[in-house]
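So the chains spell out like this:
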Amino acid sequence: MAHPKRRQSSTRRDKRRTHYKIEAPQLAIDKTSGEAHLYHRAHWSDGKLFYKGKVVLEKVQEVTE
């Protein structure tokens, strides 16, 4: 197993760790429903699945008798 010959300074260690940051997701506003959603993702609104401003699926309600 390899060992470091000298202890790495905290400044050097922290410089390496600065690249890992959380970013807020970029949201888009749908043209038809006006709801915010992630880019390039389909989203549900009022029982309908929208993608690029168009209805892709509608929620089917089962009839129980």
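That block above? That's the structure.
Since the model is a prediction, treat every value here as computed from it, not as a measurement. (Residues numbered from 1 in each chain as written. Predicted model: local features only at pLDDT ≥ 70, side-chain atom pairs only at ≥ 80, totals over all residues. Heavy atoms only, no water.)

Enquirer: What's the story with the side chain of Asp-30 in this structure? I'm lost.
Expert: With respect to the secondary-structure elements, Asp-30 resides in the loop between strand S1 (27-29) and strand S2 (36-38). Here Asp-30 occupies a buried position and makes no salt bridge, while the nearest side chain of opposite charge, Lys-31, is found at 7.5 Å. Non-local contacts of Asp-30, meaning those with residues more than four positions away in its chain, are made with Glu-35, His-37, His-43, Phe-50 and Gly-53. (Helix = DSSP H or I, 4+ residues; strand = E, 2+ residues; numbered from the N terminus. Buried < 20%, exposed > 50% of the residue type's maximum accessible area, 1.4 Å probe, protein only. Lys, Arg positive; Asp, Glu negative; His and termini not counted. Salt bridge = Lys/Arg side-chain N within 4 Å of Asp/Glu carboxyl O. Contact = heavy atoms within 4.5 Å.)

Enquirer: Before we go on, may I ask you to explain the pattern of salt bridges in this structure?
Expert: Note that side chains of opposite charge can pair when their charged atoms are close. If you walk through the whole model with that rule in mind, you get one salt bridge. The closest approach of N and O atoms between Asp-14 and Arg-13, which form a salt bridge, is 3.1 Å. For Asp-14, a relative accessible area of 37% gives the class partly exposed.

Enquirer: What is the right way to read the packing of aromatic side chains from this model?
Expert: For the coordinates displayed, the defined rule picks out zero aromatic pairs. Sitting over the ring of Trp-44, Lys-59 keeps its end group 5.6 Å from the ring centre. (Phe/Tyr/Trp six-rings, centres within 6.5 Å; stacked < 30°, edge-to-face > 60°. Lys NZ or Arg CZ within 6 Å of the ring centre and 35° of its normal.)

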